[in-house]
Amino acid sequence: MLLRVYISPDNIRRVKLPGLPESVDRLKNILREMLGLEGGFSLQFEDPDFGNALCNLHSIDELPADKSVLKVVWDNIALSDSPTQSPARYMSDTSSVTSLDTASTSSHSDTLGSPTFYRKLKTAKDLPSPGSIQIPTFSLDVELRLKQGNEIYRQTKTPIAPSREMKSAICTAIVESIFATDCYPDKADMKCYAAALVTKHPCLTEDGPGTGYDGWLVSLWFKVGNYRNKLRKAGHAEVSVNKKKADSEEGMKFRLKKARRAEVNFLPPHAEGQSHESLDDLRLQMTKETEKKIFDANFIKDTMAVTFSLRRREVVEIQPLVQVLRDRWPALFYKDEICREFFRITQIDLMTSFRSSLEKFTPALLKYYRKKKEHAGSELTTLLAPLDDQVADIMDLRTSVALEGLPLVLKESSGCLFRKCLDTDAEETYTKGVKISILSVLEDDGVAARRSLPNVLSIAIILEEAVVLKDIKDLPSAVGYLIGLLYACNMEYPKELRYTFEVIQKVFLELDAQDCSARALSLRRKIFEFLR
């Protein structure tokens, strides 16, 4: 898909995408990454049905299929004619976004064919089709032989028989480009690359029945395993963590430690010039700083960013208890640091993305709940009842009800995630045996349990029988912080709430969005159906 993006009078960019994104929000995120746009904005497009007049883009289906002209409309910002005064981080003309045909020669690190952009695109799950994947440039001799073979194939439809050396060189180059973004590609990824290879170089198409690239798929799959072993021996962190130890306990089930929830930086290496010892020294300094009554917030922020690689190694390799993490990394459980850690792991702004999706989906969810309440039991009816009584802060109540209803419509227990207690209850009574939960503390005025709208004094998060975060202002913030903590601590979703967390991750945050379970996919379809 080809786009002409009007940013300012003297900055109009040409952007080529592998296909139509799944939503307008996803398109905006991709444009932010490719063009370096900052700040809030909306999009307008030239509508061919009205003589190419500009119209606001509300649905991705409104865009013309192949080519579109977009205009960026900044939120409450007057654009200047000078690129330096625009909200966008303008880049020089020599680093403009290139097409697929020239991406391999561009100097810009976030062009469509680059590993950086593909990593971000894959995280967003707008995976390109096999025909648009950037196959790397091979060595000079291999490229010459492929050029000659492609010319012969166009004339005679006769494929070449690559030598063992040539086949190995091709597979190695492709696998190296894959590992730049993902050390654990799945078979679907490999199938895309094998298909892309024979699409770009038809002379490599295999004779006989089948897809024409079955043999290449097998070769690439074996090359992935061999290359991973080389990286493990070389000490690559994300691969070495899965080395089976000979002294491990017998009977222990081995679980592959890899990115499973669209983590971009799952297990990054230490920064140049840093070692385990130097980073641990910084950790100790930061821990002492947090013990002060008035600590240096900037020092905490900077040190948490520098020690990210050390922290991820501990979290992924050692898998410590939450209490151990709190003792070693107390700042990790600060509200601001939870959001920053989530961004470091996923490159997604946690609260902005979550609250934006929640506000967008709440009306549709409430409509769906009202339609569903007759079949979902009394819990959903009771949950919706306060909406008719509330007068003040109705928006806060609506978003809270939308979240509390998720487990119910997904046939899970809402009480397992959203718990309530009185401010006079002892802490042990509501934390014992609780692994993951959000706790609302109600005022004990003698009638709190009987009122439909009790007074909520505070909200807290419980992990592994301990309150790890207190004084949260509202339920949506608590859910956002809980997701951030689960990513920061690399904790698995509880089985009894797996669909609820899957919807929050894949539908609200759009992380790994294309790989939904049938139950989560059904709810997503219902949400968009009621949004129309």
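Look up: the structure comes first, before these words.
Rules used in this analysis
Residues numbered from 1 in each chain as written. Predicted model: local features only at pLDDT ≥ 70, side-chain atom pairs only at ≥ 80, totals over all residues. Heavy atoms only, no water. Phe/Tyr/Trp six-rings, centres within 6.5 Å; stacked < 30°, edge-to-face > 60°. Helix = DSSP H or I, 4+ residues; strand = E, 2+ residues; numbered from the N terminus. Pairing = 2+ DSSP bridges. Axes fitted to C-alpha atoms, helices over the stretch in contact; angles between N-to-C directions. Buried < 20%, exposed > 50% of the residue type's maximum accessible area, 1.4 Å probe, protein only. Polar contact = N/O pair within 3.5 Å; in protein donor to acceptor, adjacent residues only side chain to side chain. Contact = heavy atoms within 4.5 Å. Parallel < 35°, antiparallel > 145°, perpendicular 65-115°, else oblique. Left-handed = near helix turned anticlockwise from the far one by under 90°. Nonpolar A, V, L, I, M, F, W, Y, C, P; charged D, E, K, R; others polar.

Caption draft 1: Focus on the packing of aromatic side chains. For the coordinates displayed, the defined rule picks out 9 aromatic pairs. Arranged with centres 5.5 Å apart and planes meeting at 65°, the rings of Phe41 and Trp74 form a pair that is edge-to-face. Of the two residues, Phe41 sits in strand β3 (residues 41-47) while Trp74 sits in strand β5 (residues 67-74), which places them 33 residues apart along the sequence. Here Phe361 and Phe528 contribute two aromatic rings whose centre-to-centre distance is 5.7 Å and whose plane-to-plane angle is 70°, an arrangement assigned as edge-to-face.

Caption draft 2: Spotlight on the sheet that holds strand β9 (residues 466-472). With mixed pairing, 4 strands are arranged side by side in an open sheet as β6-β7-β8-β9. The open sheet has two edge strands with one neighbour each: β6 (418-422) and β9. Shown here is a sheet whose adjacent strand axes are inclined to one another by a mean of 30°, direction ignored. Two elements, β6 and strand β7 (residues 436-442), share 5 bridges in a ladder whose sense is parallel. Paired with Arg419 across the strands is Leu439, a residue of β7.

Caption draft 3: Looking closely at the side chain of Glu314. In this structure, Glu314 sits in helix α10 (residues 308-318). A residue is classified by how much of its surface remains accessible, and Glu314, at 7% relative accessible area, is buried. Within polar-contact distance, the side chain of Glu314 engages the side chain of Trp329 at 3.0 Å. Look past the residues within four positions of Glu314 in its chain and what remains in contact with it is Gln319, Pro320, Arg328 and Trp329.

Caption draft 4: Molecular detail of the packing of helix α5 (residues 187-200) against helix α6 (residues 214-234). The N-to-C vectors of α5 and α6 enclose an angle of 125°; their axes lie 9 Å apart at closest approach. Considering the angle they form, α5 stands oblique to α6. Where α5 crosses over α6, the two elements pack in a sense that is right-handed. Mapping the contact onto sequence places Lys187, Met190, Lys191, Ala194, Leu197 and Val198 in α5 and Trp216, Leu217, Leu220, Trp221 and Val224 in α6. Residue composition of the contact of α5 with α6, grouped by class: 9 nonpolar, no polar and 2 charged.

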